[in-house]
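Here is how the chains run, residue by residue.
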Amino acid sequence: MAGRTGERLQERTKGRDVRTSNIVAAKAVANAVRTSLGPRGMDKLLQLENGEILISNDGATILSKMKVIHPAAKMLVDLSQSQDIEAGDGTTTVVVLAGALLNACSALLAKGIHPMAIAGSFLRAADKAVEFLQEISKPVQLGDRDSLLSAVETCLSSKVVAQNSDLLAPIAVDSVLGIVDDIDTSTFVDLNDIRLVTQMGGTVDDTELIKGLVLTKGATKTAGGPTSMKNAKIALIQYCLSAPKTDMDNSVVVSDYAAMDRILREERKYILEQCKSIKKSGANVLLIQKSILRDAYNELSLHFLAKMGILVVTDVDRGDIEFICRTLGCQPVAHADQMTPDKLGEAESVTDVLMEGGSAKVVKFTGVKNPGKTTTVLLRGSNEFVLGEAERSLHDAQCVVRSFVKKRFMIAGGGAAETEASLRLHKYSQQLTGMDAYCFQAFADALEVIPYTLAENAGMKPIEVVTELRKQHAEGIKGAGINVKKGMVSDMYELNIVQPLLVSTSAIQLATETVSMMMKIDDLVVVAHN
């Protein structure tokens, strides 16, 4: 018995191989988007399955269009989507951070530290980093428009439409603040209340915020109806202005001219009665929902409506009905008998507008009498690529304002927050003992990947820049970050380069949770399909 040695856990080689495979696959995805981080980041040209091409530097968009096969790599794609839902901005940051943490895990695993110990330590380190960021953050009020504009311009600086940020930033701020219930107390805002309407033609500078509604289809003028209406009374109908049809597919054979004439006369009378009920309600603008069962309207009904001086917009999508009703204060009418004046919405002006630089027409509703908490942004662009990226960029900018509504704190951008958190974690790790100290130091080093990558993408010397950043933060300059325009380290607060606290804290927490989840995996099981 004296010669017997103590038992030691021998990890299965398969568990180690699977973990290594997961780390390699996930790091490959992180490296793919790493070059698109920051104001000097590169754009990606994506060729989609249907042959279309897409140009973007939005992390969530790039990853969602990638054909990723490895399950661990898919976790990083889901990670960027989670960041997009939670904060809206920082989708590239969160993936790059996850890649750096996985790199740190590789080194710690090589030292013989157990994966569960790494996962636990990393989660505690993330909580500590978030705590440090909250300490250095500055409170912001939603009424402080300049601070919000600074944060939105920082977000837009890394986008394709950065040169239009002077126009897009105020639109993003005003569109979100316009739908907030109470600027002082609200902690939630639904971006579905903002409608982004894209129209080809013109430039991004022609983009405008409309306090009202824009429908992408122009008014129907085939029967010579009006194209603009002052003091509009708007009705939205969900029934069909055409002759009724049988439930089953039947055909009626008419051999007598008198009978045929009677059918046409009855059809004419039926449609005229429906049009009269609309006119009788006082409506002078009519929106007709698209129908899949039968014709929502026909030439005869358009002719009668034109004679009655009613402006008609056809083919309104079913999905837009709720937004239109909330915006205009009208109620959808499902049957001609229910058409009453109390169901109508009111607006000062409804106009059919031709988009300059293009052939498309839109209908604008302005001066709505009882407007709901909704706004509409009419986005313009010279081609599909610019228009698509402008739409994604504006959505990200609106998400930045939404982040301030959720959490009213801001911190410096340009890698300042990550450097400060890294420095404080290093100091904190010196108080720890054992494996925790190693893991906290590795986590702190991983956070520096953000300033390192920002400097690298800007063509600066990353090691020199990160060293200078550490020095300035050690001296107590909490806002020291990378000024990519001048290629030096500057105080981000002085340059108004700020971002919401939620973007950084959410990125650190989500990236750490994903990495910890990967550390806990020790086998890959392929489930057979029946």
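Definitions and cut-offs
- Residues numbered from 1 in each chain as written.
- Predicted model: local features only at pLDDT ≥ 70, side-chain atom pairs only at ≥ 80, totals over all residues.
- Heavy atoms only, no water.
- UniProt positions renumbered as here; feature names shortened; annotations may be inferred.
- Core = buried A, V, L, I, M, F, W, Y, C linked by side-chain atoms within 4.5 Å.
- Buried < 20%, exposed > 50% of the residue type's maximum accessible area, 1.4 Å probe, protein only.
- Helix = DSSP H or I, 4+ residues; strand = E, 2+ residues; numbered from the N terminus.
- Contact = heavy atoms within 4.5 Å.
- Phe/Tyr/Trp six-rings, centres within 6.5 Å; stacked < 30°, edge-to-face > 60°.
- Axes fitted to C-alpha atoms, helices over the stretch in contact; angles between N-to-C directions.
- Parallel < 35°, antiparallel > 145°, perpendicular 65-115°, else oblique.
- Nonpolar A, V, L, I, M, F, W, Y, C, P; charged D, E, K, R; others polar.
- Salt bridge = Lys/Arg side-chain N within 4 Å of Asp/Glu carboxyl O.
- 1 Å grid on protein atoms, 1.4 Å probe; cavity = no way out; pocket = protein on both sides within 12 Å on 5 of 7 lines; lining within 4 Å.
- Points joined across faces, edges and corners; volume = space filled by probe spheres on them.
- Left-handed = near helix turned anticlockwise from the far one by under 90°.
- Pairing = 2+ DSSP bridges.

The name given to the chain in an unreviewed UniProt entry is T-complex protein 1 subunit delta, and the organism recorded there is Nitzschia inconspicua. Of the chain, the UniProt comment under Subcellular location (unreviewed entry) reads exactly: "Cytoplasm". According to the UniProt record, the Sequence similarities (unreviewed entry) comment for the chain reads "Belongs to the TCP-1 chaperonin family."

### Structural notes on the nonpolar core
By size, the foremost hydrophobic cluster in this structure holds 107 residues, and its most contacted members are Leu76, Phe122, Val152 and Phe443. Broken down by element, the residue count for this core peaks at eleven residues, all from helix α4 (residues 91-110). For Val152, the contacting residues outside a window of four places in its chain are Ala169, Ala172, Val173, Ala397, Val400 and Val401. Core analysis: the second largest hydrophobic core is formed by 23 residues, Ile321, Ile324, Val350 and Val368 among them.

### So, the packing of aromatic side chains
Taken as a whole and assessed by the stated rule, the structure comprises three aromatic pairs. Between Phe132 and Tyr428, the aromatic rings sit 6.4 Å apart at their centres with planes inclined by 70 degrees, giving edge-to-face as the arrangement. Of the two residues, Phe132 is situated in helix α5 (residues 115-136) and Tyr428 in helix α12 (residues 416-429); the sequence distance between them amounts to 296 residues. According to the relative accessible area criterion, Phe132 is buried, its value standing at 10%.

### Some remarks on the packing of α5 against helix α16 (residues 501-519)
Viewed as axis vectors pointing N to C, α5 and α16 meet at an angle of 175 degrees, and their least axial separation amounts to 9 Å. By the angle between their axes, α5 is roughly antiparallel relative to α16. Between α5, through Pro115, Ile118, Ala119, Phe122, Leu123, Ala126, Asp127, Ala129, Val130, Leu133 and Gln134, and α16, the contact on the second element is made entirely by Leu501, Ser504, Thr505, Ile508, Gln509, Thr512, Glu513, Val515, Ser516 and Met519. Counted by class, the contact of α5 with α16 contains 13 nonpolar, six polar and two charged residues.

### Describing the pattern of salt bridges
This structure, assessed with the given rule, holds 20 salt bridges. Arg326 serves as the salt-bridge partner of Asp193, at 2.5 Å between the closest nitrogen and oxygen. Highlighted residues: Asp193 in the loop between α7 (165-177) and β4 (194-200) and Arg326 in helix α10 (residues 321-328), separated in sequence by 133 residues. Here the salt bridges share partners, and the residues they tie into one network are Asp58, Lys159 and Asp396.

### Observations concerning empty space enclosed by the protein
For the structure on display, the rule yields one cavity of 30 Å³ or more. The computed volume of the largest cavity comes to approximately 50 Å³. Lining the largest cavity, in full, are Thr220, Lys221, Thr222, Ala223, Gly224, Gly225, Leu302, Ala306, Ile310 and Val312. In terms of residue class, the lining of the largest cavity is made up of five nonpolar, four polar and one charged.

### Concerning the packing of helix α3 (residues 71-86) against α16
Where α3 contacts α16, the two axes come as close as 10 Å, and the packing angle between them is 155 degrees. Classified by the interaxial angle, the pair formed by α3 and α16 is roughly antiparallel. Here α3 and α16 pass one another in a crossing that is right-handed. Contacts between α3 and α16 involve Ala72, Met75, Leu76, Leu79, Ser82, Gln83 and Glu86 on the former and, on the latter, Leu502, Val503, Ser506, Ala507, Leu510, Ala511, Thr514, Met517 and Met518.

### Notes on the side chain of Ser242
Relative to the helices and strands, Ser242 resides in the loop between β7 (228-237) and α8 (257-280). Apart from the residues lying within four places of it in its own chain, the contact partners of Ser242 are Tyr270, Ile271, Gln274, Arg294, Asp295, Tyr297 and Asn298.

### Side note on the pairing of strand β12 (residues 361-368)
With four bridges connecting them, strand β6 (residues 212-215) and β12 associate as antiparallel partners. Paired with Leu215 across the bridge in β12 is Val363. In this structure, strand β11 (residues 345-354) lies alongside β12, joined through seven bridges in antiparallel fashion. Residue pairing across strands places Asp352 opposite Val363, the latter belonging to β12.

### Describing the layout of surface pockets
Of the volumes computed, that of the largest pocket is approximately 920 Å³. The wall of the largest pocket is formed by 46 residues, among which Pro39, Thr154, Cys155, Ser157 and Ser158 lie closest to the centre. Taken together, the elements giving at least two residues each to the lining of the largest pocket come down to α4, α6 (145-156), α14 (449-457), β15 (480-483), β17 (498-500) and α16. Looking at the lining of the largest pocket, the element that brings in the most residues is α6, giving five residues.

### Focus: the sheet that holds strand β3 (residues 138-139)
The strand order across the open sheet formed by three strands is β3-β14-β17, and the pairing between neighbours is antiparallel. Two strands bound the open sheet, and with one partner strand each, they are β3 and β17. Inspection of the sheet shows strand β14 (residues 409-412) paired to β17 by three bridges, in the antiparallel sense. Counterpart to Met410 in the pairing with β17 is Pro500. Here helix α11 (residues 384-406) sits on the sheet in contact with β14 and β17, set at roughly 65 degrees to β17.

### Describing the sheet that holds strand β5 (residues 208-210)
If you walk across this open sheet you meet the three strands as β4-β13-β5, and the pairing is mixed. With partners counted over all chains shown, the strands left at the sheet margins are β4 and β5, one partner each. Shown here is a sheet whose adjacent strand axes are inclined to one another by a mean of 25 degrees, direction ignored. Taken together, the seven bridges between β4 and strand β13 (residues 375-381) define a ladder with parallel strand orientation. Bridge assignment links Val197 to a residue of β13, and that residue is Leu378. Packed onto the sheet, α7 meets β4, β5 and β13 and runs at close to 15 degrees relative to β5. Of the strands in this sheet, β4 and β13 touch α11, which is tilted by about 165 degrees from β4.

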